[in-house]
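# Overview (structure and organization)
As a plain string of letters, each chain reads:
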Protein chains: 2
Amino acid sequence: MNREEAVTRAQELVARMSVEEKISQLRYNAPAIDRLGIPAYNWWNEALHGVARAGQATSFPQAIGIAATFDRELVRDIAETIAEEGRAKYNAYSEYGDRDIYKGLTFWSPNINIFRDPRWGRGQETYGEDPYLSGALGCEFVRGLQGDGEYMKAAACAKHFAVHSGPEAVRHSFDAKASKKDMAETYLAAFEMLVKDADVEAVMGAYNRVNGEPACGSPALMSILRGKWGFKGHFVSDCWAIRDFHEHHHVTETAEESAALAMNTGCDLNCGDTFLHLLDAYRAGMIKEERLTEACVRLFTTRFLLGLFDETEYDGIPYSVVESPEHLALSEKCARESMVLLKNNGLLPLDRKKIRTIGVIGPNANSRAALVGNYHGTATEYITPLDGIISFLRDEPVRVLYSEGCDIMDDRIEKLAFENDRLAEARIVADESDAVILVVGLNETLEGEEGDTGNSYASGDKADLLLPPPQRGLMRELAAAGKPVVLCLIAGSAIDLSFAEENFDAVIGMWYPGARGGKALAELLFGDYSPSGKLDVTFYRNDSALPDFEDYSMDGRTYRYLRGEPLYPFGYGLTYGDVEVTGAKLSEDGSAVEAEWRENGKAPTEDVIEVYVRAEDSPFATPNPRLCGFARVKAGKGAGGSARIPLDPAAFTVVNDDGERVSGGSRYTLYVGTSQPDERSFRLTGRRPFEFEITR
Amino acid sequence: MNREEAVTRAQELVARMSVEEKISQLRYNAPAIDRLGIPAYNWWNEALHGVARAGQATSFPQAIGIAATFDRELVRDIAETIAEEGRAKYNAYSEYGDRDIYKGLTFWSPNINIFRDPRWGRGQETYGEDPYLSGALGCEFVRGLQGDGEYMKAAACAKHFAVHSGPEAVRHSFDAKASKKDMAETYLAAFEMLVKDADVEAVMGAYNRVNGEPACGSPALMSILRGKWGFKGHFVSDCWAIRDFHEHHHVTETAEESAALAMNTGCDLNCGDTFLHLLDAYRAGMIKEERLTEACVRLFTTRFLLGLFDETEYDGIPYSVVESPEHLALSEKCARESMVLLKNNGLLPLDRKKIRTIGVIGPNANSRAALVGNYHGTATEYITPLDGIISFLRDEPVRVLYSEGCDIMDDRIEKLAFENDRLAEARIVADESDAVILVVGLNETLEGEEGDTGNSYASGDKADLLLPPPQRGLMRELAAAGKPVVLCLIAGSAIDLSFAEENFDAVIGMWYPGARGGKALAELLFGDYSPSGKLDVTFYRNDSALPDFEDYSMDGRTYRYLRGEPLYPFGYGLTYGDVEVTGAKLSEDGSAVEAEWRENGKAPTEDVIEVYVRAEDSPFATPNPRLCGFARVKAGKGAGGSARIPLDPAAFTVVNDDGERVSGGSRYTLYVGTSQPDERSFRLTGRRPFEFEITR
């Protein structure tokens, strides 16, 4: 069904509704209208990395890990899988009469906010700090979720529009101030791609204000979205964000005024309950019925596009696809591609024949909670790092010793014990072991979301980039033990890993790797495959050089604007192989880079070839070269090949101070390699990208 | 080192102490006395089912499950294993200088209180409701823990002395009133066995008063313990129980008076801090130094017996014994023997060749917390029922579907959802499946201990015998699905399983089966072995016929005094085989029953042959026959054998109303079979025990 047809049917249906009925349909938990044959529908569903909060579903790595794969096809496959499981669950739940929250087909995913500041607790939900990566992968996610069938398979939602990245604690009252250049270049760029290139069906407004206007009632933002970009889908408020207008932002006085402001600005659907006041606002003359009709038509257009009133090609998708072996394998593939090898002095891959006892230590080593991050479904099988290592070594004559080492946050495990009551055990295990796998990090109780609405775990941002104190003590203790140590970080954000870099033999960033992530880790450790994930955020040395958390200027933030050296740069990640780009040129039509590469005889591996661009003559170029293309390659040991790497169509543009995208001039340098062209990446990898200049 | 030698060395050491130093050693966290070369020692350690709260340790089924094996040798093996791991951990921790709580060699286990009322949250810690079973297995536990080496391997502690079995909520102020007959026959019997037959090194007093006297300061109880039974070890208070004297029991006015009362009555060691007031009490003339010396000598006697000041044969026990493959195998063996098959209409064992899809449903199906009960250590590998089933079927063409079904207690999983938000999923899974494994029950947050001291989880008793409401709703839903259902209960106590008995094909009582319990369950379900556990508590039909929880009269309680029929009787448990006792007689010396048995061609199995006795002529006989012997047998399919079943030396005695154990007269009936001789057992099993009369 095309949009035109859906709109027509929506218009016909809405025309039969009273104004009260129309208004009733503008809330996330829309009631049935029996006389019109309209069933109840709950718009609220979540699927950042698998169908969330509705029971069983394939659990993929958290979004920040998905993006670290730099793998367009994979992201699309994942989203297709989510849509397939979402449909299967929708079919089954509907048959059972269960039309509750989290059981519909409108997923409020992806989150394509820019992970501007590493302290943001919800940065884990995003595709990292780069607008092009976020937009490119976000488009794939939308395409995968929405499908290309007769009907839309599931509706995606680009959130949170816009300029939204913490602090969580003040999100309901905060005014994010962003320059026109930062808006266009950074904060809105991915949204523009999802609207214009991927036809995302919905956009969700943010909690905060943007340059003075609440994001869910911002004429400025709406004119960009609908006016400039031609967005045709529906706009939904973040949950209880419209209530914030009068309660926290104080841009209105009453709930009626807030409802009217949101509605009149173009917000069609309310997650929350402020639209309960729409009828009063309408009766008070604050809203025209035409606008209510328009909103209602948009919402029913989505419902018709999804085929919710028809038989569709998806009705036969059986429940058994949920967590099917193929889907679980895809989750494992994503976990494998997402893990980032940050340091390796040669210890990895471990030689299982030389290890008799392996110590697995740390508060995240056997934590199921740490596997999944936030907004997660329920997995049938959880494989923690410890589980994965035990399983991997089941038939080997290797003893696995374990110690929790410390609580993830508290200073002791047992209430009546002294501080650090597992530190001795951790040291004993290390002393008994030939090698130590130390698994530290966070979980959704420590980094997450201001806890007043959908996320039942009260949590928030990080105060700084350090691991909690007991984990730092544990790292110090194990450094003192003098054994070979692999530090594995499970977290959804950049952490200050300076101590680990200095003291341990190998460092792995695992993100939140999904329910089966421990299996992928074990296989990585013992060399069943070569790691190939790349950082989608900068790992700073510490937070001392970071701007204030509330400062939304991009100056000094993320790899494009960074001054000084990070600990681990954006785009960085080692492999067990050594893929070198030996040559590259722009394709004849200018839409891609054609690269030649070889693997220098170390080990077969996948790797990501990244293309960065610097506009040499423009005063508006970002301070550092920016990502404009990427592609995964698969390299046999000692083999080579060529790759066509599609380029950002905006690769040769810049954004001026008025927020206009203009030509970047005639001279550009392109860098093509397996990392950024910065000095730190060079020192970490020993290789510089292939570099060439073009003129246009 | 024998006790005499230890006493001498203790006397010599204590003689060198000032009164202040002596007093300092009478608290659980005894400080070092450097001038005498005495290191700090924390007396508090726990090991009901594995070394607890000190990190890694082999996790055995909770005590209530251990006892359901009715397996003396196994209990001894388990306790030996605990002592081995305790020594290994003590060696390693001491070397590291860690002498904190839970890291010493004085284990406050076993708990041999009689599980008098099924609502008691700590009943899970006990060996059930029968004094003989509790005493016999308790003795094995003590022997295993203390060992028979040159030095005592670890010190056991019989707790809580006495008449202690809830309610938890009032334990600090409650006065348990028990008749002389109930005291001797029920509440003290197991303690007497542990003191007289197994030389238990320590006894812990209870929180409550007993017939008006606080148990940790009761002349009546102490005169029995030290006077009548000749107890030579040390007496320790329950934690902060002495504070209860003045704060809750109001038998004293001040902390000094409480300390003096406990000390003067014979309590040697204070878990808590009231003995901080001992010095004031001593200076006020309330305590004689001789008594302080005596207490201190008793405590140092234990420390010398343990070899804490010597080199011992245990010093070389390496850390690697902790969770060794042999120890883990023993835990699995215990889990296998502990599971009780309560109903089987023929569905079990499942035929894996006939099942294409199996549904695993319920809040305990994938809960690690439910595996371990309270007072647990940390396992390196947890195998939930779901994990176990998945692993078991890994190479079979069988699909495993899972649904949590409901929260273990709350009415919904997702905060914003309607009630019962996983019920549809559970039904969908059932409808998709050829058979359903439904795993319900409790965990230590729902049944446990009044939460003010050592157990950091605030919890308590059960209000009734029903599962929490959402689980009842889940059972109803699955009964309506009409699929074959195996109901698996994970709980540490009797639950009203009437609905399951009526509606499901099979019912299994798993207790808290230990960290690897899910493996044992899967093997049972698919017939890798035959279940053979027996109920060590009565499963009542409901709580309507139960006396008041605070009523400590045994009248109407437990199988010996029960009127009416239970749902599942004490001693009951099916197997996949059919062991029949075909003949039995008293051995010539009267110390055992010699039984002939055969397996009637159904399946190889282990089983428990139980002996019950009724004194036919005594007015003091318990209303129903009581257990006086038990032995495990191992039966090949269709094979048979003979067994010598040792008898309780008190089998032919009764306890009169003055609490004196006297002859039960000349005529006795003995019942020898795989269950009690009651009508309900007969109807459930289809077999009556072999019965014969003797005269003496």
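Above: the structure in question.
Residues numbered from 1 in each chain as written. Chains lettered and ligands numbered in written order. Predicted model: local features only at pLDDT ≥ 70, side-chain atom pairs only at ≥ 80, totals over all residues. Heavy atoms only, no water.

## What to know about the overall build of chain A
To keep things clear, this is the line we draw: Here a helix means four or more residues in a row that DSSP labels H or I, a strand means two or more in a row labelled E, and each is numbered from the N terminus. Note that the radius of gyration is over C-alpha atoms, with the globule rule given as 2.2 Å times the number of residues to the power 0.38. We call two residues in contact whenever any of their non-hydrogen atoms come within 4.5 Å of each other. Per-residue accessibility takes into account occlusion by the displayed protein chains alone, with areas from the Shrake-Rupley method and a 1.4 Å probe. Positive charges come from Lys and Arg, negative ones from Asp and Glu, while His and the chain ends are left out of the count. By convention, charge coordinates are those of NZ in Lys, CZ in Arg, CG in Asp, or CD in Glu.
Along chain A, the regular secondary structure elements total 21 helices and 23 strands. Here the C-alpha radius of gyration of chain A, 25 Å, is about what a compact globule of 696 residues would show, namely 26 Å. Here the C-alpha coordinates of chain A stretch approximately 75 × 65 × 50 Å along the principal axes. Long-range pairs, those at least 24 residues apart, make up 76% of the contacts in chain A between residues at least 6 apart in sequence. Total accessible area on chain A stands at roughly 21,800 Å², and carbon and sulfur atoms take up 46% of it. Side-chain charges in chain A split into 75 positive and 109 negative, and the spacing between the mean points of these groups amounts to 2 Å.

## A few points about the sheet that holds strand β10 (residues 357–361) of chain A
Residues and elements named next belong to chain A. The line we're drawing: Strands were regarded as paired on the criterion that DSSP finds at least two bridges between them. Inter-axis angles, ranging from 0 to 180 degrees, are taken between N-to-C directions of lines fitted to C-alpha atoms, where helices are fitted over the stretch in contact.
Ordered in space as β9-β14-β13-β12-β10-β11, the six strands form an open sheet in which the pairing is mixed. Single-partner strands in this sheet number two, and they are β9 (340–344) and β11 (399–403). Going from strand to strand, the sheet's axes swing by 15° on average, the running direction of each strand aside. In this sheet, strand β14 (residues 506–509) lies alongside strand β13 (residues 485–490) in parallel orientation, the contact comprising four bridges. Bridge pairing links Leu487 to Val507 in β14. Sitting on the sheet, helix α15 (residues 385–392) touches β10, β11, β12 (435–441) and β13, and the angle it makes with β11 is about 170°.

## A closer look at the interface of chain A and chain B
So the rule is basically this: Once two parts are put together, the accessible area they lose, assessed with a 1.4 Å probe and summed over both, is termed the buried area. One side-chain nitrogen of Lys or Arg within 4 Å of one carboxyl oxygen of Asp or Glu is enough to make a salt bridge. Counting of polar contacts relies on pairs of N or O atoms within 3.5 Å, with two restrictions inside protein: one atom must be capable of donating a hydrogen and the other of accepting it, and residues adjacent in sequence are counted only when both atoms are side-chain atoms. Ten residue types, Ala, Val, Leu, Ile, Met, Phe, Trp, Tyr, Cys and Pro, are classed as nonpolar, four, Asp, Glu, Lys and Arg, as charged, and the remainder, Gly among them, as polar.
Taken together, the 55 residues of chain A in the interface contact 55 residues of chain B. Both sides together, the interface formed by chain A and chain B hides about 4,400 Å², and carbon and sulfur atoms give 51% of it. At the boundary of chain A and chain B, one finds six salt bridges. For Glu381 of chain A, the salt bridge identified is with Arg394 of chain B, shortest N-O distance 2.9 Å. The interface formed by chain A and chain B includes 22 residue pairs in polar contact (both at pLDDT 80 or more). Of the residues assigned to the side of chain A that touches chain B, the class counts are 22 nonpolar, 13 polar and 20 charged.

## Some words on the packing of aromatic side chains
Any two aromatic rings considered together are summarised by their centre-to-centre distance and by the angle between their planes. For clarity, the threshold we go by: The criterion for an aromatic pair is that two Phe, Tyr or Trp rings (for Trp, the six-membered ring) have centres within 6.5 Å, with stacked assigned to planes under 30 degrees apart, edge-to-face to planes over 60 apart and tilted to the rest. Three labels apply to residues, based on accessible area from a 1.4 Å probe with only protein chains included: buried if under 20% of the type maximum, exposed if over 50%, partly exposed otherwise in between.
The tally for this structure, following the rule as stated, stands at 50 aromatic pairs over all chains. Taking the centre distance of 5.5 Å and the plane angle of 25° together, the rings of Trp44 of chain A and Trp108 of chain A count as stacked. Residue Trp44 of chain A is located in the loop between β2 (41–42) and α3 (63–67), and its partner Trp108 of chain A is located in the loop between α4 (72–95) and α5 (131–146); the two are separated by 64 residues in the primary sequence. Residues Phe652 of chain B and Tyr668 of chain B carry aromatic rings whose centres are separated by 4.8 Å and whose planes lie at 65° to one another, so their mutual orientation is edge-to-face. Placement of Phe652 of chain B in the loop between β19 (640–646) and β20 (653–655) and of Tyr668 of chain B in strand β22 (residues 667–673) is noted, with a sequence separation of 16 residues between them. Assigned by exposure class, Phe652 of chain B and Tyr668 of chain B land together as buried.

## Comments concerning the environment of Asp434 of chain A
Residue and element names in this part refer to chain A. One can find Asp434 in the loop between α16 (423–432) and β12. For Asp434, a relative accessible area of 34% translates into the label partly exposed. With 78 residues separating them along the chain, Asp434 and Arg356 place their C-alpha atoms 6.7 Å apart. A polar contact is formed between the side chain of Asp434 and the backbone nitrogen of Arg356, at a distance of 2.8 Å.

## Comments concerning the environment of Ser179 of chain B
Structurally, Ser179 of chain B can be placed in the loop between β4 (175–176) and α6 (180–187). Looking at Ser179 of chain B, its side chain comes within polar contact range of the main-chain nitrogen of Asp182 of chain B, at 3.0 Å.

## Description of the relation of the copies chain A and chain B
To be explicit about the condition: To line up the copies, we fit them by least squares on C-alpha atoms, keeping just the residues with pLDDT of at least 70 in both.
Turning chain A through 180° and shifting it by 0.0 Å along the axis lays it on chain B, with an RMSD of 0.0 Å. Here the symmetry operator amounts to a two-fold rotation axis. Interface overlap between copies is the fraction of interface residues in one copy that are interface residues in the other; for chain A against chain B it reaches 100%, indicating a shared surface.

## Some words on the state of the cysteines
Here is the rule: Count a disulfide wherever a pair of cysteine sulfur atoms falls within 2.5 Å.
Within this structure, the stated rule accounts for two disulfides over all chains. Note that Cys239 of chain A is cross-linked by a disulfide to Cys271 of chain A, the S-S spacing being 2.1 Å. Taking the torsion about the sulfur-sulfur bond, which here is approximately 95°, the covalent link between Cys239 of chain A and Cys271 of chain A counts as right-handed. Of this pair, Cys239 of chain A sits in the loop between β8 (234–236) and α9 (241–249) while Cys271 of chain A sits in the loop between α10 (255–265) and α11 (278–283), placing them 32 residues apart in sequence. Given the relative accessible area of 3%, Cys239 of chain A is considered buried. With no disulfide of its own, Cys628 of chain A lies closest to Cys139 of chain A among cysteine sulfurs, the gap being 16 Å. Using a relative accessible area of 0% as the deciding quantity, one classes Cys628 of chain A as buried. Free cysteine Cys406 of chain B: the closest other cysteine sulfur is in Cys488 of chain B, separated by 15 Å. Judged by relative accessible area, Cys406 of chain B falls into the buried class, the value being 7%.

## Observations concerning the sheet that holds strand β4 (residues 175–176) of chain A
Two strands in a sheet stick together by hydrogen bonds in their backbones, pointing the same way (parallel) or opposite ways (antiparallel). Residue and element names in this part refer to chain A. Ordered in space as β4-β6-β7, the three strands form an open sheet in which the pairing is mixed. Looking along the sheet, the strands with just one partner apiece sit at the ends: β4 and β7 (213–214). With two bridges joining them, strand β6 (residues 209–210) and β7 adopt antiparallel strand pairing. Within β7, the position partnered with Arg209 by the bridge is Pro214.

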